[in-house]
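# Structure at a glance
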Amino acid sequence: MLIAFDIGGSRIRAARVFAPDHLEPLGELPMPPSFPGFIRALGQLVPRASRAVAISIAGVIDPASGRLTSANLPAVNGRRLAGDLAAALGRPVWVGNDADCFVLTEARRGVARGHRNVFGIILGSGVGGGLVLDGALVAGAGGITGEWGHGPVLDQRPLGHELPRLRCGCGQTGCLDTVGGARGIERLHLHLSGRGLESREILSAWRAGEMAAAETMSVWLELVSGPLAVVLNVVGSSVVPVGGGLANDRDLVAALDRAVRQRILRPTTEPVLRPAIHPEPGLVGAALAGLETFG
């Protein structure tokens, strides 16, 4: 019996896996602040009869060392997580990045099913992504694949506006991650309008035709669509599943899709960016990878 986990910054969720489309929830617990507490929490959710564990987690796993890097999960940051958990739980463990699990789920069970080449993006607090080719995850050097939010790529004068050079959590300045997610929309709006609003308020005002919000979102679309078009020209994906909190705004996804299709080399009148449809991408992605790894 395989147990799948979806681990984020605030909670741990678990399910018993009978098949990728047949998961039985085992409950959830808050994410503990320490590694011993983390082990205890997982132990509470792992049945005695289970033979293996597969985990989707918010972090990057270096395939060479097995070490996890996760700014939002200090309890496990820097750990050789699969090995440490296997020793503590007495079972083999597979650990994967949550964005990778998301795109694997959408490529096999979601909006991108039937497509050979799938680049999936996360528009949440920041931006992330993952790549599936021929149904398999692409694992890059150092565990880095699909991280289109990092690198000094931003034009500091989009549509004639002067923007500050924002410092990113990765240590660079001018990264898309500083403006591409929900917090980025809020930073842009504060700079352009002088008003500190939450992203959902800005998006609501944008849909209502409010001028300041419309200007903010025009700048956002200019900043985000160019780098994403470059990625799609490089990897050649025919569809881009969009997950994260901002994906719930269908108008936003549609506007970004139009802007991206104007910039990619492949002409198409069909939407390329499509809101993700699977309700459990973390658990299902972990289940898919775990079943392949452990049989």
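Now for a look at the structure at hand. (Residues numbered from 1 in each chain as written. Predicted model: local features only at pLDDT ≥ 70, side-chain atom pairs only at ≥ 80, totals over all residues. Heavy atoms only, no water.)

## Remarks on the packing of aromatic side chains
Evaluated as defined, the whole model comprises 1 aromatic pair. Ring geometry for Phe-35 and Phe-38: centres 6.2 Å apart, planes at 35°, overall tilted. A residue pair is termed a helical-turn pair when its members lie 3 or 4 positions apart in one helix, as Phe-35 and Phe-38 do in helix α1 (residues 35-45) at 3 residues. Exposure class is identical for Phe-35 and Phe-38. Each is buried. For Arg-79, the ring lying beneath its charged end belongs to Phe-35, and the centroid distance is 3.8 Å. (Phe/Tyr/Trp six-rings, centres within 6.5 Å; stacked < 30°, edge-to-face > 60°. Helix = DSSP H or I, 4+ residues; strand = E, 2+ residues; numbered from the N terminus. Buried < 20%, exposed > 50% of the residue type's maximum accessible area, 1.4 Å probe, protein only. Lys NZ or Arg CZ within 6 Å of the ring centre and 35° of its normal.)

## Topic: the nonpolar core
Nonpolar side chains tend toward joint burial in soluble globular proteins. Among the nonpolar cores identified, the biggest contains 41 residues, and Ile-121, Leu-123, Trp-148, Trp-220, Leu-228, Leu-256 and Leu-273 are the most heavily contacted of them. Broken down by secondary-structure element, the contributors of at least two residues to this core are β8 (117-123), β9 (127-133), α5 (182-193), α6 (199-207), α7 (211-235), β11 (240-243) and α8 (250-261). Here this core takes 11 residues from α7, the largest share from any one element. Here Trp-220 is in contact with Leu-123, Val-179, Gly-180, Gly-181, Ile-185, Leu-188, Leu-252 and Leu-256, once residues within four sequence places are set aside. Core analysis: the second largest hydrophobic core is formed by 27 residues, Ala-14, Phe-35, Ile-61 and Ala-75 among them. (Core = buried A, V, L, I, M, F, W, Y, C linked by side-chain atoms within 4.5 Å. Contact = heavy atoms within 4.5 Å.)

## With respect to the pairing of strand β4 (residues 52-57)
Across the 6 residues that make up β4, a large majority, 6, are buried. A two-sided burial pattern is seen for β4, the buried positions comprising Ala-52, Ala-54 and Ser-56 on one face and Val-53, Ile-55 and Ile-57 on the other. Two elements, strand β1 (residues 2-7) and β4, share 6 bridges in a ladder whose sense is parallel. Considered in β4, the bridge of Phe-5 is made with Ile-55. Summarising the sheet, β4 and strand β7 (residues 93-97) pair through 5 bridges and their orientation is parallel. Within β7, the position partnered with Val-53 by the bridge is Val-93. (Pairing = 2+ DSSP bridges.)

## Details of the sheet that holds strand β2 (residues 11-19)
If you trace the 5 strands from one edge of the open sheet to the other, you get β3-β2-β1-β4-β7, paired in mixed fashion. Edge strands, defined here as strands with exactly one partner in the open sheet, are β3 (22-30) and β7. The mean inter-strand angle of the sheet, taken between neighbouring strand axes irrespective of direction, is 20°. α1 contacts β1, β2, β3 and β4 of the sheet and is inclined by roughly 145° relative to β3. (Axes fitted to C-alpha atoms, helices over the stretch in contact; angles between N-to-C directions.)

## Considerations on the pairing of β1
Burial runs high along β1: 6 of the 6 residues are buried. Here β1 shows a buried face lined by Leu-2, Ala-4 and Asp-6 and a second buried face lined by Ile-3, Phe-5 and Ile-7. As defined by bridge partners, β1 adjoins β2 across 6 bridges and the pair is classed as antiparallel. When the bridges of β2 are listed, Ala-4 appears paired with Ala-15. The turn joining β1 and β2, which pair antiparallel and follow one another in sequence, is formed by 3 residues.

## A look at the side chain of Thr-216
Inspection of the secondary structure assignment puts Thr-216 in helix α7. Residue classification places Thr-216 among the buried residues on the basis of a relative accessible area of 0%. Within the structure, Thr-216 has its side chain in polar contact with the side chain of His-189 (distance 2.7 Å). Excluding residues that lie within four positions of it along the chain, Thr-216 makes contacts with Ile-185, Leu-188, His-189, Leu-192 and Ile-202. (Polar contact = N/O pair within 3.5 Å; in protein donor to acceptor, adjacent residues only side chain to side chain.)

## Focus: the sheet that holds β11
Two orientations exist for strands paired in a sheet by backbone hydrogen bonds: parallel and antiparallel. Here 5 strands make up an open sheet; going across it, the order is β10-β9-β8-β11-β12 and the pairing mixed. Every other strand in the sheet has two partners, leaving β10 (136-137) and β12 (273-275) as the edge strands with one partner each. In this structure, β8 lies alongside β9, joined through 7 bridges in antiparallel fashion. Counterpart to Ile-122 in the pairing with β9 is Gly-128.

## Structural notes on the pattern of salt bridges
For the structure shown, the criterion picks out 15 salt bridges. Ionic pairing is found between Glu-28 and Arg-13, a salt bridge with its closest N-O pair at 3.9 Å. Of the two residues, Glu-28 sits in strand β3 while Arg-13 sits in strand β2, which places them 15 residues apart along the sequence. Since its relative accessible area comes to 14%, Arg-13 is described here as buried. Among the salt bridges present, the one from Glu-162 reaches Arg-157, with a minimum N-O distance of 2.6 Å. For Arg-157, a relative accessible area of 44% gives the class partly exposed. Residues joined in a network through salt bridges with shared partners are Asp-6, Arg-11, Arg-13, Glu-28 and Glu-280. (Salt bridge = Lys/Arg side-chain N within 4 Å of Asp/Glu carboxyl O.)

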